Amino acid sequence: MEKNKKIEIVLAGHANVGKSVTFNHLTGLHQHIGNWPGKTVAKKEGTLHYKGYDINVIDLPGIYSLTPYSMEEIISREYIATQKPNFIVNVVDSTNLERNLLLTLQLLELEKPMVLALNMVDLLKKKGIVIDYEKLQAILNIPVAPIIAIERKGFTKFLDSGIELVNKKKTAKPLKYSQEVETCIKELNSDLHNIDLPYPRRWLAIKLLEKDQDIQKLIWEKRAEILNKATNLSDRLKKIYGHDSSTVISNERCQLVSRIVKKTIKLTEPIKLSWKEQLDNLTCHKIWGYPVMIAILACMFLFIFSLGNYLSGFLEIISLSCQSWYENLFPSGFLASLGWSGLESIIALAAIALPYILPFYLILFILEDWGYLARIAFLMDNFMHKVGVHGKASIPFMLGFGCNVPACLACRIMETQREKFLATFLTTLIPCSAVTVIIMGLVGKYVGISWAFALYFFTLIIIFILGKIASKILPGKPTELIMEMPDYKRPHLRTVLMQTWQNLKEFVYIAGPLVIISGMIIEVLKQAGWLKLIANFLSPITVSWLGLPAAVGILLILGILRKELILVMLATVLGTTNFAQVLSPAQMITLAIVSIFYIPCIATIAVLLKEFGWKKTMAITIFEITFAIILGGLTFKLLETIL
Amino acid sequence: MAKDISLIDLKIGQKAKIINIAGGRIATKRLLDLGLTPNTEIKILRRAPFLGPLQIKVRGSKIILGRGLAAKITVTTE
């Protein structure tokens, strides 16, 4: 065996089959997350040293087919075809083999070396499923390895057989469809002779019959006449089968899979699964499902906020001792205070990440691994449709009440760019924990708790209205909810911790640089004495239109860093902690409304930049600033007359 | 007696076979990829209230479908 030979493998499979767990266990902490070139989809890559091989492992996004339904699917098939990984590991959920094999058949058609990793084989017995691995291997003609990803069992088997495939240069062979379809494929196949594309010819022929628009375009650029032939053959298939040719091909695949399943799987009585069904009868119940959901979410928020409060108090002490230590070290000077503001930003970042985002992620991933998030999407789909997105968006919305940053990142679960943008836009408006601090600490304390709740309710109505309008304005049609419903299972601690760690790391990477830089910029402005100038410059808006003291302009700039700073610094700026002495109720409510909407905080802006680029980020930011000013002014004028 | 109805009119627990999916091109393809092809047996497990989505069982797995899409699936009961 050659020493330290480099090979590259890709993990491909549906979402929720344990692909990420497999990836995590294969690569441990030797992984990095970037973006796919030119795309806003995360690319996960890691390395593994195994038996003298340096194996580069790529975790493809979860996909259901190689039809471009979403960005993920386009990326996956392009990657496999053009980057030529040494072998593909198709991870499948063995308890759901029939649906998973539909993708397997399509991957076989890419004619690359491939192994099938049958995950969750430990659950088969409970579900009363027996799989004949040998037979499955014989039919698919690729190595089949039963694995238990969460326990890291069976990994060596698929790595060994994959490496063997590479050495023997053995590629997967597609399975044959029925006579009529095969004839059509063959006819197209011979026409595609000599065409200069990285995909196998047979695969191209099948995609043409499936009327895949991306492939049609590729062929059109090379040899347009083939498209006519493909159309003729599609029509022929339609005549024979009475369905559209793309339906015919899918049907063929399903029939092949059914036949494979019949030959390789035996079903017996499942051992006691009923309590999970009972649980679903409760959690998805048309009436009881909602109180249960509210109770679960309430517990979640209660836990997070109480833990968050405790931890941030603790962090404040650390921050103060850091400050005194720093001031002893560097007593004074411009650079010293600039340095401190950088350090302070890092501490501030930790003060968001540790007390709020960490517990948030932890609980979110426990709920996800348990299977509950899909139930929330099911229960909330109808409400979400009212604002132009489907049920999956309820997950980022829910997260948004804690912190907009992970919430905006969670909008990645939306399938189309339109839905993702819409969901993200609305998420940035959701009052996060920092905004809650302002609402409760200012309005709740000095105007009355009922006003605070009214303000909360008002915010939700505004989000609802803006969602309605945005979904009308944005081009494209709303998509319908299609998602799988996983069975409940016991959350796996290691998986949850790993996911939490990775997402926390991502948060720090994305938000960190911008938070630190803008912290220092604001410090420079402060040192140069420009903050007051800016506040004066803003006074036509803050004083004349919003009816607030001019000094509030400074707060609104500081609030870009972290919104709760608006409340924290208010006392310093106004020179008293009893805000009722200096601000009227109308002013306090106006300030709260402006704070809620006026800008996504800098960390959220960083996420928007990463996910959507400059233009859309600016569009959201500018809209929110304008909207907050208009709304704030109107509120002030209205409240002044009635309060 | 066989009867062609829309999937949303199917009773909970009643078995039916898919006849046709008349959704948009992409959504239809997605359903096909999930194994909802003609002649496949399908069952409704649950409905969300307020005209929400359906939970269906098809080819041994559970899928949630938005009501608008489910309305475009024609099934036949036996």
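Below is a summary of the structure that appears in this document. Residue indices begin from 1 for each chain and proceed along its sequence in written order. Note on labels: chains are lettered from A, ligands numbered from 1, in written order. Two thresholds apply to this predicted model, a pLDDT of at least 70 for residue-level local features and 80 or more for giving and counting side-chain atom pairs, whereas whole-chain, interface and lining totals are computed over all residues.

## Observations concerning the overall build of chain B
Where we set the bar: Runs of H or I in DSSP of at least four residues are treated as helices and runs of E of at least two as strands, each being numbered from the N terminus. In this treatment the radius of gyration is a C-alpha quantity, and the globule benchmark scales as 2.2 Å times the residue count to the 0.38 power. Residue burial is a threshold on neighbouring C-beta atoms within 10 Å of the residue's own C-beta, all placed from the backbone, with 20 or more meaning buried, 12 or fewer meaning exposed, and counts in between meaning partly exposed. Here contacts are defined at the residue level, using C-beta atoms placed from the backbone and a cut-off of 7 Å between them.
A tally of helices and strands in chain B yields 2 helices and 6 strands. When the helices and strands of chain B are read in sequence order from the N terminus, they spell out β-β-α-β-β-β-α-β. What you see for chain B is a C-alpha radius of gyration of 11 Å, in line with the 12 Å of a compact globule of 78 residues. Each principal axis of the C-alpha distribution contributes one length, and for chain B these read about 30 × 30 × 20 Å. Buried residues in chain B amount to 49% of all 78 residues. Across chain B, every contact between residues at least 6 apart in sequence was considered, and the portion connecting residues at least 24 apart equals 54%.

## Describing the packing of helix H7 (residues 179-191) of chain A against helix H8 (residues 201-209) of chain A
Two measures define how a pair of helices packs: the angle their axes make with one another and the distance between the axes. All names here are of chain A. Short version of the rule: Between the N-to-C directions of two axes lies an angle of 0 to 180 degrees, each axis being a line fitted to C-alpha atoms and, for a helix, fitted only over the stretch in contact. Here a crossing is taken to be left-handed if its near helix is turned anticlockwise relative to the far helix by less than a right angle, and right-handed if that turn runs clockwise. Classification used: nonpolar for Ala, Val, Leu, Ile, Met, Phe, Trp, Tyr, Cys and Pro, charged for Asp, Glu, Lys and Arg, polar for all others including Gly.
One can describe the packing of H7 onto H8 by two numbers: an axis separation of 9 Å at closest approach and a directional angle of 115 degrees. By crossing handedness, the relation of H7 to H8 is classed as right-handed. Residues Cys184, Ile185, Leu188 and Asn189 of H7 lie in contact with H8, whose contacting residues are Arg201, Arg202, Ala205, Ile206, Leu208 and Leu209. In terms of residue class, the contact of H7 with H8 is made up of 7 nonpolar, 1 polar and 2 charged.

## Focus: helix H2 (residues 71-83) of chain A
All names here are of chain A. The test is simple: Multiplying 1.5 Å by the helix residue count minus one yields the expected span of that helix.
The end-to-end C-alpha distance of H2 is 17 Å, a good match for the 18 Å that 13 residues give at a rise of 1.5 Å each. Among the residues of H2, Glu72, Glu73, Ile75, Ser76, Arg77 and Ile80 are the ones counted as buried. If you follow the buried residues of H2, they end up packed against strand S1 (5-12) and strand S5 (87-93). Two residues or fewer past H2, Lys84 is found with a positive phi of approximately 45 degrees.

## Observations concerning unusual backbone geometry
Although it is not a glycine, Asn194 of chain A sits at a positive phi angle of roughly 65 degrees. By secondary structure assignment, the location of Asn194 of chain A is in the loop between H7 and H8. What makes Asn194 of chain A exposed here is the crowd of 8 C-beta atoms within 10 Å. A positive phi is found at Phe50 of chain B, a non-glycine position, where the angle reads about 55 degrees. You can see Phe50 of chain B is positioned in the loop between strand S3 (41-47) and strand S4 (54-58).

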